[in-house]
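Breakdown of the fold
Listed here are the chains, written in short residue letters.
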Amino acid sequence: MFMTTQLTNLHIETLAVHAGFHIDPQTKSLSQPIHMATTFEHPADSALNDGYLYQRYTNPTQEQLEIALGLLEGGGEALFFATGLAAAAAMLHTLKPGDRVILADDTYFAIRKLFVDEGGRMGLRCELVDLTDHSAVQTALMQPAALVWMETPSNPLIKVTDVEYVAKLAKAAGAKSVVDATFATPILLKPLALGVDVVLHSTTKYLSGHSDNMGGSLITRDAALRARLFELRKLLGGTASPFAAWLTLRGIRTLPCRLAWHCDSAEKIAAFLASHMGVEKTHYPGLPSHAGHEIAARQMQRFGGMLSLQVKGDRTRAILVASRLRLFTNATSLGSTESLVEHRQSVEGPTSTTPDNLLRLSVGLEHVDDLIADLAQALAA
Ligand SMILES: *Cc1c(COP(=O)(O)O)cnc(C)c1O
């Protein structure tokens, strides 16, 4: 097996191919066996056990993936979960009644509900703050807090948070900081190097990459926090199937190549939309007009494959444009081979704060000229 120490000073593309890779000693197979075992033999006195015990605690296939996730993040300890939400729920349970939590105001809808509604029921005091507004961040973090939750680029407004800045203020306020870096992936943003305590990825998205596999991960260099999260995964039962771990690791092998293509196409589509008469506003951090462009250029490798547009007109017009698209499928989720479009307000429901003329695009791996032609016909008067 490749020792993790042999994988230093390599480019991310090389790491993505080799991290967690080893030749199976029994069969010499290059593709990794999937260990579906739920239980493992242990000594008669199981207190002496130094290996695996039960799949829900940890298992060999999941551990292989976790090695890769930690290396991609630039050296951290990863935990894999059944979904991104299961990972977020484990973070929620590290908190106690009365704890103050600062969440980005446009945190992913289900995570916002998890903390505000379910966390609220547990006695958490959650506050939604625009983390791109530094004076609002300063005001919020003048008082102590237990957790600061960032998401960048955010969903669905593609807002960019200055991760290093917020992490520093969070630390001074005594809070652990989390970045949900699902849109950025470990390729485009390295939150741990910017001083953040925990990185979350919904691996359902770009890491798996094919709209056929769910998962989530938390990566941290804080050993005590990792031990607590490990215990919580065990007790909350958010462990993923080994098959899901295996598919995620397979997705990671091609992540840098896929992502480069996603970014190339998204940049061209953003430029097309930004100059289109039928578009009121294009939200993409690669556009110099984007409020977070300079921060994104500083902290990210590229600008990602996600963008949103506000059509000129109302909700009805936005839904008409979405219904006319042929290559972009109306579906939720993102980060897959096929391009997707979604009218976010209608999927988020009555408490949504998303503008009613906004469509979110996940730019897939089709040829960009075909995608632009599709958008052009859908946006025609
Ligand atoms: C999808 C998503 C999640 C939730 O992940 P699941 O795997 O669906 O549970 C969290 N954050 C962001 C930014 C997402 O896009």
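Here the structure is shown first, and the text comes after it.
Let me begin by describing the structure that accompanies this report. (Residues numbered from 1 in each chain as written. Predicted model: local features only at pLDDT ≥ 70, side-chain atom pairs only at ≥ 80, totals over all residues. Heavy atoms only, no water.)

1. Thoughts on the sheet that holds strand β12 (residues 358–362)
Quick note on the threshold: Strands pair, by our definition, only if DSSP identifies at least two bridges between them. Think of it this way: any DSSP run of H or I at least four residues long counts as a helix, any run of E at least two long counts as a strand, and we number them from the N terminus. Only heavy atoms enter the contact rule, under which two residues are in contact if any of them lie within 4.5 Å. Structural elements are reduced to axes, namely lines fitted to C-alpha atoms, with helices fitted over the stretch in contact, and the angle between N-to-C directions of any two is expressed from 0 to 180 degrees.
In space, the 5 strands of this open sheet follow the order β8-β9-β12-β11-β10, with mixed pairing throughout. Each having just a single partner strand, β8 (279–283) and β10 (329–330) make up the two edges of the open sheet. Note: strand β11 (residues 340–343) against β12, 4 bridges, orientation antiparallel. If you follow L340 over to β12, its bridge partner there is S362. On top of the sheet, helix α9 (residues 242–274) reaches β8, β9 (306–311) and β12; it is set at about 15 degrees to β9, its chief contact.

2. Quick notes on the site of the ligand
As a reminder, the rule being used: Residues are counted as near a molecule or strand when any one of their heavy atoms sits within 4 Å of it. N or O atoms closer than or at 3.5 Å make up a polar contact, with two conditions inside protein: a donor-capable atom paired with an acceptor-capable one, and, for residues adjacent in sequence, both atoms drawn from side chains. Using the Shrake-Rupley algorithm and a 1.4 Å probe, accessible areas are obtained, with residue cover drawn only from the displayed protein chains.
Looking at the ligand, there are 15 residues lining it, with L85, D180, S202, T204 and K205 nearest. At 2.9 Å from an oxygen atom of the ligand is found a main-chain nitrogen or oxygen belonging to G84. Take T204: an N or O atom from its side chain is 2.7 Å from an oxygen atom of the ligand. Relative to its unbound accessible area of 380 Å², the ligand is 94% covered by the protein chains.

3. What to know about unusual backbone geometry
In the segment running from T152 into P153, the intervening peptide bond is cis, with an omega of -15 degrees. Mapped onto the secondary structure, P153 falls in the loop between β4 (147–151) and α6 (163–172). The amide bond that connects N155 to the next residue, P156, takes the cis arrangement and shows omega of 5 degrees. As for its placement among the helices and strands, P156 is situated in the loop between β4 and α6. One non-glycine residue, T185, lies in positive phi territory at about 65 degrees. Its location among the elements puts T185 in helix α7 (residues 185–188). Backbone geometry at S333 places phi at a positive 80 degrees, although glycine is not the residue there. For S333, the location among the structural elements is in the loop between β10 and β11.

4. So, a nonpolar patch on the surface
Using the following cut-off: Here the term patch refers to residues with relative accessible area over 30% and no salt bridge, with like charges joined within 9 Å and nonpolar side chains (Val, Leu, Ile, Met, Phe, Trp, Tyr) within 5 Å. One speaks of a salt bridge when a side-chain nitrogen belonging to Lys or Arg is within 4 Å of a carboxyl oxygen belonging to Asp or Glu.
A cluster of nonpolar residues, I34, M36 and F243, forms a patch on the protein surface that exposes about 260 Å² of accessible area. Structurally, M36 is set in the loop between α1 (12–18) and α2 (60–72).

5. Quick notes on the packing of helix α11 (residues 315–324) against helix α13 (residues 368–379)
For the record, the criterion: Should an angle lie under 35 degrees it is considered roughly parallel, over 145 roughly antiparallel, and from 65 to 115 roughly perpendicular; all remaining angles are considered oblique. Note on convention: near helix rotated counterclockwise from far helix by under a right angle means a left-handed crossing. Clockwise means right-handed. Residue polarity is assigned by list, with Asp, Glu, Lys and Arg as charged and Ala, Val, Leu, Ile, Met, Phe, Trp, Tyr, Cys and Pro as nonpolar; anything else, Gly included, falls into the polar class.
As a packed pair, α11 and α13 sit with axes 8 Å apart at the nearest point and diverge in direction by 135 degrees. Classified by the angle between their axes, α11 and α13 sit oblique to one another. Note that α11 runs across α13; the crossing there is right-handed. Taking contact as the criterion, the partners of R317, V321 and R324 in α11 are, on α13, D374, Q377, A378 and L379. Across the contact of α11 with α13, the residue classes tally to 3 nonpolar, 1 polar and 3 charged.

6. Considering the sheet that holds strand β7 (residues 216–220)
Spatial ordering of the open sheet is given by β1-β7-β6-β5-β4-β2-β3, a layout of 7 strands whose pairing is mixed. This sheet does not close on itself; its edge strands, each paired only once, are β1 (77–81) and β3 (125–129). In this sheet, neighbouring strand axes are inclined to one another by 20 degrees on average, regardless of whether the strands run parallel or antiparallel. Sheet topology places strand β6 (residues 198–202) next to β7; 5 bridges connect them, and they run antiparallel. Bridge pairing in β7 places L200 opposite L218. The sheet strands contacting helix α4 (residues 109–121) are β2 (100–104), β3, β4 and β5 (176–180), and the helix crosses β3 at an angle near 145 degrees. Sheet contacts for α6: β4 and β5; angle to β4, the most-contacted strand, approximately 170 degrees.

7. Some points on the pairing of β4
Worth spelling out the cut-off: Exposure is judged per residue with a 1.4 Å probe applied to protein chains only, and the accessible area is read against the type maximum: over 50% gives exposed, under 20% gives buried, and values in between give partly exposed.
Of all the 5 residues making up β4, 5 are buried; the element is thus mostly covered by neighbouring parts of the structure. Neither face of β4 is open: one carries L147, W149 and E151, the other V148 and M150, and all of them are buried. Both β2 and β4 contribute to a ladder of 3 bridges, which runs parallel. By the bridge assignment, I102 is partnered in β4 with V148.

8. Details of the pattern of salt bridges
Enumeration according to the criterion identifies 16 salt bridges in this entry. A salt bridge links R233 to E66; the nearest nitrogen and oxygen atoms lie 2.9 Å apart. Of the two residues, R233 is situated in helix α8 (residues 223–236) and E66 in helix α2; the sequence distance between them amounts to 167 residues. With respect to class, R233 is no different from E66; both count as buried. Linking K96 and D99 is a salt bridge whose minimum nitrogen-to-oxygen distance equals 3.2 Å. Through salt bridges with shared partners, a single ionic network connects E342, R344, E348 and R360.

9. Some points on the pairing of β7
With 5 of 5 residues buried, β7 is to be regarded as a mostly interior element. Alternating residues of β7 divide into G216, L218 and T220 and S217 and I219, and every residue in both groups is buried. Relative to β7, β1 is paired through 5 bridges, and the arrangement is antiparallel. The partner of F80 across the bridge, within β7, is S217.

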